[in-house]
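An overview of the molecular structure
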Amino acid sequence: MQETEARKHTIAVLVENKFGVLSRVAGLFSARGYNIESLSVGETLDPTVSRMTLVVHGDAFVLEQVIKQLHKLIDVIKVTDLSEEDHVEREMLLIRVNAEPAVRAEILRVGDIFRAKVVDVTATTYTLEVTGEETKIDAIIELLRPFGIQELVRTGKVAIARGPKTRLRKADQKLGKPKSALPPLPQDPRVVGFAD
Amino acid sequence: MKLSGARIVLECLKREGVDVVFGLPGGAVLPIYDVLHDFKGLRHILVRQEAAAGHAAEGYSRTTGKIGVCLVTSGPAATNLVTALQDALMDSIPLVAFTGQVPTHLIGNDAFQEADNVGITRSATKHNFLVKDGNDLAANIKEAFHIAGTGRPGPVHVDLPKDVLVKEWTYEYPETVHLRSYNPTYEGHPGQIKKAARAIVRAKRPVLYVGGGIISSNASPELGALVALTQIPVTQTLMGLGAFPMADPLSLDMLGMHGTYYANMAVHHSDVLVAIGARFDDRVTGRVDAFAPHAEIIHIDIDPSSISKNIKVDIPIVGDCKRVLAKLVEALHEELRTYPASGVREARKQWMGQIAEWKRDFPLRYEWSDEVVKPQHVVQEISNLTNGEALIVTGVGQHQMWAAQYYRVKHPRAWCTSGGLGTMGYGLPTAMGVQAGNPGKVVINIDGDGSFQMNSQELATCFEEKLPVKSVIINNGGHGMVRQWQRIIYKERYCASDLGGSPDFVRLAEAYGCTGIRVTRPSEVVPALEKMIATPGPVVLDVWVDKHECVFPMVPAGGANIDMILAPPSVDVRDKAARSQTGF
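Residues numbered from 1 in each chain as written. Chains lettered and ligands numbered in written order. Predicted model: local features only at pLDDT ≥ 70, side-chain atom pairs only at ≥ 80, totals over all residues.

1. Observations regarding the overall build of chain A
The cut-off we apply is this: Helix and strand labels come from DSSP, where a helix needs a run of H or I of at least four residues and a strand needs a run of E of at least two; each type is numbered from the N terminus. Each residue is classified by how many other C-beta atoms fall within 10 Å of its C-beta atom, where C-beta atoms are placed from the backbone; a count of 20 or more means buried, 12 or fewer means exposed, and values in between mean partly exposed.
Looking only at helices and strands, chain A has 5 helices and 9 strands in total. Scanning chain A from its N terminus toward the C terminus, one meets helices and strands in the order β-α-β-β-α-β-β-α-β-β-α-β-β-α. The burial tally for chain A puts 22% of its 196 residues in the buried class.

2. Let's talk about the sheet that holds strand β13 (residues 296-301) of chain B
Residue and element names in this part refer to chain B. So the rule is basically this: At least two DSSP bridges between two strands are required for those strands to pair. Lines fitted to C-alpha atoms define the axes, with helix axes restricted to the stretch in contact, and inter-axis angles between N-to-C directions lie between 0 and 180 degrees.
Across the sheet, which stays open at both edges, the 6 strands sit in the order β11-β10-β9-β12-β13-β14 with parallel pairing between neighbours. Two strands in the sheet have a free side with no partner beyond their single neighbour: β11 (251-254) and β14 (315-318). Pairs of neighbouring strands in the sheet enclose a mean axial angle of 15 degrees, with direction left out of account. Relative to strand β10 (residues 234-236), strand β9 (residues 206-210) is paired through 3 bridges, and the arrangement is parallel. Residue pairing in the sheet places V210 in a bridge with Q236 of β10.

3. Quick word on helix α4 (residues 76-90) of chain B
Owing to its 3.6 residues per turn, the α-helix aligns residues three or four sequence positions apart on the same side. All names here are of chain B. Our working definition: Given the number of residues in a helix, its expected span is that number minus one, multiplied by 1.5 Å. The seven residues ending at a residue and the seven starting there each receive a fitted axis; the angle between those axes is the bend at that residue. By the convention adopted here, residues make contact when the C-beta atoms placed from their backbones lie within 7 Å.
Its 15 residues give α4 an end-to-end C-alpha distance of 22 Å, which sits within 8% of 21 Å, the value for a rise of 1.5 Å per residue. At V82, α4 shows its largest kink, close to 35 degrees. Burial within α4 is extensive, with 11 of its 15 residues counted as buried. All of the buried residues along α4 are A77, A78, L81, V82, T83, A84, L85, D87, A88, L89 and M90. If you follow the buried residues of α4, they end up packed against β2 (20-24), α3 (50-64), β4 (68-72), β5 (95-101), α5 (117-121) and β7 (155-161). Among the residues trailing α4, S92 stands out with phi positive, at a value near 55 degrees.

4. Focus: the domain arrangement of chain B
Residue and element names in this part refer to chain B. Rule in force here: Just so you know, the domain bounds were taken from an automatic or database domain assignment. Ten residue types, Ala, Val, Leu, Ile, Met, Phe, Trp, Tyr, Cys and Pro, are classed as nonpolar, four, Asp, Glu, Lys and Arg, as charged, and the remainder, Gly among them, as polar.
Along its sequence, chain B is carved into domain 1 (2-170), domain 2 (190-361) and domain 3 (375-544). On a C-alpha basis, the centres of domain 1 and domain 3 stand 29 Å from each other. For the side of domain 1 that touches domain 3, the secondary structure elements donating two or more residues are β2, β3 (43-46), α3 and α4. For the side of domain 1 that touches domain 3, the element with the highest residue contribution is α3, accounting for 10 residues. Considering only residue class, the side of domain 1 that touches domain 3 consists of 10 nonpolar, 9 polar and 5 charged.

5. Some words on the sheet that holds strand β6 (residues 127-130) of chain B
Residues and elements named next belong to chain B. Overall, parallel pairing links the 6 strands, which are arranged β3-β2-β4-β5-β7-β6 in an open sheet. The open sheet has two edge strands, β3 and β6, and neither has a second partner. Looking at each pair of strands side by side, their axes are set apart by 20 degrees on average, direction ignored. Bridge count between β5 and β7: 7 bridges; the pairing is parallel. Paired with V96 across the two strands is V156, which belongs to β7. Its contacts with the sheet put α3 on β2, β3, β4 and β5, and the angle it makes with β4 is roughly 170 degrees. Against the sheet, α4 makes contact with β2, β4, β5 and β7, and its axis sits at roughly 165 degrees relative to β5, the strand it touches most.

Shown next, in the form of C-alpha cells:
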C-alpha cells in the first residue's frame, strides 16, 4: 500500500461493554483530528463485549496511528482492520418515498431489483428497508430520488470477516488436522463471541 | 467486612502503600475527610488550590518512584485539577486522582458543584472511573493504581459520588488485577533487539537519544552499561535529564529547540540514532523532514503509539526500557564476537573527534556582566553549590531552559519539569510534593517571576506543612520567553509581556511566614544562594536579572535543528522568520 494513498478502512473494535466507552472512542477521533465516516455499535455473543464497526478515511500512516491509539484505550480489547482481509460489509437503509398512484408499481419494481422490503405503506408513501453494500444503498437512493424522498436513515456499516476464522483454526487447518478435531466455538477460550 | 465507602477509599490507599495525600476538602468529599480525622498512617497535605494538589503529587511521584495521590472535591475542584492531570499525562507521570461527585441520584441534574468530571478528564487521563456502585469501589481503586503505574505510566482519575462514600459496602481488597483489554508489552522482541545490535555495532556515527522513559523505568544503570560497552555519546531530552550524568564526557546534554549545538549537530549527522524512552516531540525534532536525515532510527518505547508517530522508525522495539536495554547489552556482546569493533574503530574515532570539535567551538555561553546578574550565572552557581545533587524543580519559560542547560543533573529522579504541557506555575507546588516525598533533602525550585505568580499561594502550604522548599525567582520583570519571541520573531513589537505590577517577592515571602532574600548584583549571587540553602524553612530568593537576556542556542519553531541561532539574531534571521511559511 502506498503511504500517501488515502482510502476508506473498515475497522472492527471489540470493547468492554461499559458506559462511557463510546465517548472514549469518539473522543479519541475528535481529539486527534481523525474523521469517522460511520460508526455502529452492538453487543456480541458475550454480553460483556461490544463490537464497533468504524469506517475511517486515511492513508497508511493515519491508519497505523488510529489503530495504535484505539489499542491504547484501556477498554479496547481488540482492533482489526477488516480492509486488510476478506470480509463482508453491509449497511441497512430505511427510506420513505412519495408514492402517488401513477408511480406505485414502478417504486415496487425498483425495490424488487434491490431485494427491498416494504415495511410501511400509506395512501401516498412507501417505506422500504434495504440492506447491502454501500454502493448498493447509494444506487437505490439515486433511483428513488426522482419520486421524492421524504426521509431516510442509514445504519452505518457493519462488517465481518469471511471464513472460519480463529487463529487456532487456521493453524490447525495448516497442520492438516480434520475439522472435527476443532473445539466447538463456545468452548474455544479465544472466542469471546466474535470472529477473531 | 462492611465499611463506609469513604473508609474503603482510605483503607485501599493504605493497602497500596500510600503515605501522603495532597488534597483540599469540599462538600462532596467530606465523608472521606471525616474518616481521615482520626485515620492513622496517612499524611494529608492541605494545598491552597486544587491544581497544586495534582502538581505536588506529580513531584512526589517523579522523585520517589511511587504513585502520587491527590484528593479534591467535585465541580470547580475537579476542573481546577485538570491542568495537572493533562500535565502528568503528557509527561507520563503516574498519579491517582480522586474527585468528589454529587450523589448518584443527582448526577446530570445540574446540582450544586456538579461537573461532568469523567467527561472532562477523559482526554486528560490514561483512564478514568466513575464509581456508581460501592461494590466496585475497592476493585476500581486497585485497577486505578495498576493502570497508573504499569505500561506507559500516567494519571488515572476516580470520581466518587457522595452517596457511594456515605453508604456501607462489603470491603474486600482484591489481591490481583486482571484486565483482559490491558496488557502492556514489557519484553522487547528478540529479533528486533538483535537487528538493533547489528546496526549499533556497525554504526560509524551513532548517537543515543534518551528521554523520560529511562527515568520512569529506572533504566539508568542499564543505560550506563550500554554506554560503557559502546562508548556512544548520549543526548537527553528535557524529561530525560538525569538519566545519564551530565558531567560525563560522553554527555551531549540536551537536544532540541534550546538544546546544545553539539547535541543537535551530532543527531543531525548521525548514521544510527537510538531513541530510548523518548517520543520525538516537536520541540526535539524541529522540522521533521530535516531531522536526522542520514540516520537509521532505532526506537525503544513501551508505548506502541509513540513509534512512527512523528518520525518514521527503521527498527522499532516495543518494551520496557530497562528490560530491553539489558537484553540489548547482551545482544551487543554477542554481536561483537562476530563483528569486532575494529571494523568501525577509525570512523568512530573521527566521529568523536568531530563531536569534541563542536563541543569546543560551540559550547553553551553567555556574556558576563559586572553590572547586572545574568540568569545563566545563577543556575550555574546553584549547580556548583549543590554539586548537582539537589532535587531541582522548574517553572516554565526562559528560566526553565537555562536550568536545563546549566544545571548539571547527576542522578535520575532529581529533575522535575513540565515538559510536554509546559504548565506555568508548575514549580512551587511540584517542589512541595518533592519535599514531602524526600524529607531532609535540598529541594530547589528554579522559577520565573511570571511562572511563580501562577501558584505563589502555595507558600502558605510550604509554611504550614513545614516543607522547606527553596525558590529561586529568576526575575526579569516579565514573561521572558514571550518577550524573546516577540523580539526575535515579531519584530520587537512587545505586547503583554511585561509584568510591571509584580509584588515585592521578599515581602510576599515574609507575609507567608517564609524567608525572603533579594539579589540585584552579580557579586551577591553566591552569598545569597549559600544563605538560602543554610536557612531552615521555605525561602524565596528574588534575583533581579538582565531582562534582555535570551535563551540561546535556539531553533525557531518550525525550523530545522541544523539552522540553530547561536546568538541574538541579525536582521537577516528576522527577515527569514518573517518569510517563513510555518509562521515559526
